[in-house]
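Below are the chains, spelled out letter by letter.
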Amino acid sequence: VDIGPFVDDRQLRLWESELRLSGRIGTVDWLIGATHTWASDHQARDLLVRMFAVTVDGSTPITPTLNQTIDVPVDVAHRSFSDSGLFGTATMPITLTLSIEAGARIYVTTLDQQRTTETIVGAHDATRRGLSPSAAISWHPHEGRTVYLRYDQAFRQGALSFGEDGRFSTLAGD
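Let me begin by describing the structure that accompanies this report. (Residues numbered from 1 in each chain as written. Predicted model: local features only at pLDDT ≥ 70, side-chain atom pairs only at ≥ 80, totals over all residues. Heavy atoms only, no water.)

Quick look at the side chain of T37
(1) Moving on: As for its position among the elements, T37 is in strand β2 (residues 28-57).
(2) Moving on: For T37, a relative accessible area of 17% gives the class buried.
(3) Moving on: Residues within four places of T37 in sequence aside, it is in contact with L14, W15, E16, F81, S82 and D83. (Helix = DSSP H or I, 4+ residues; strand = E, 2+ residues; numbered from the N terminus. Buried < 20%, exposed > 50% of the residue type's maximum accessible area, 1.4 Å probe, protein only. Contact = heavy atoms within 4.5 Å.)

Right under this line is the structure:
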């Protein structure tokens, strides 16, 4: 037996798009937009094992001959993710050097994952809808200088974890 190469075949696909519109109403600057992201990741991992047959002839040394090559699957994983959202912000001056900004993003996120080994199958599907707020205060002490404080909130989907014992567990989003 000869352990051959470990084959990690991965295919990634990604589509990301964003549309933004901005303008001003009086002294308030505004920005609105829409985003969409889609990603897919397929991974197949295999180990090639070469089996040899040994022939023994009384007068010649032992000669291994390749008998067969076996493709041993390690695991197969697939992950599909999409995120769509609408967002907007408004910035208003408070003084000549101080301004405030408020905004939000409404989103829908979906995640579909499967991971399979020879004996275990794990799957995780999740859809989340939400609102992510943002706020900022900016100070412009003089031309070319800005000091600001910003608050943003976001969400990241959970995932599948493959433990040392071979079992799957779901990692919570944050």
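What about the environment of S132?
(1) Moving on: Take S132: it is sitting in strand β5 (residues 121-139).
(2) Moving on: Note on S132: relative accessible area 10%, which makes it buried.
(3) Moving on: Between the alpha carbons of S132 and R105 there is a distance of 5.0 Å; along the sequence they are 27 residues apart.
(4) Moving on: Those residues in contact with S132 that lie beyond four places of it in its chain are G103, A104, R105, Y107, Q153 and A154.

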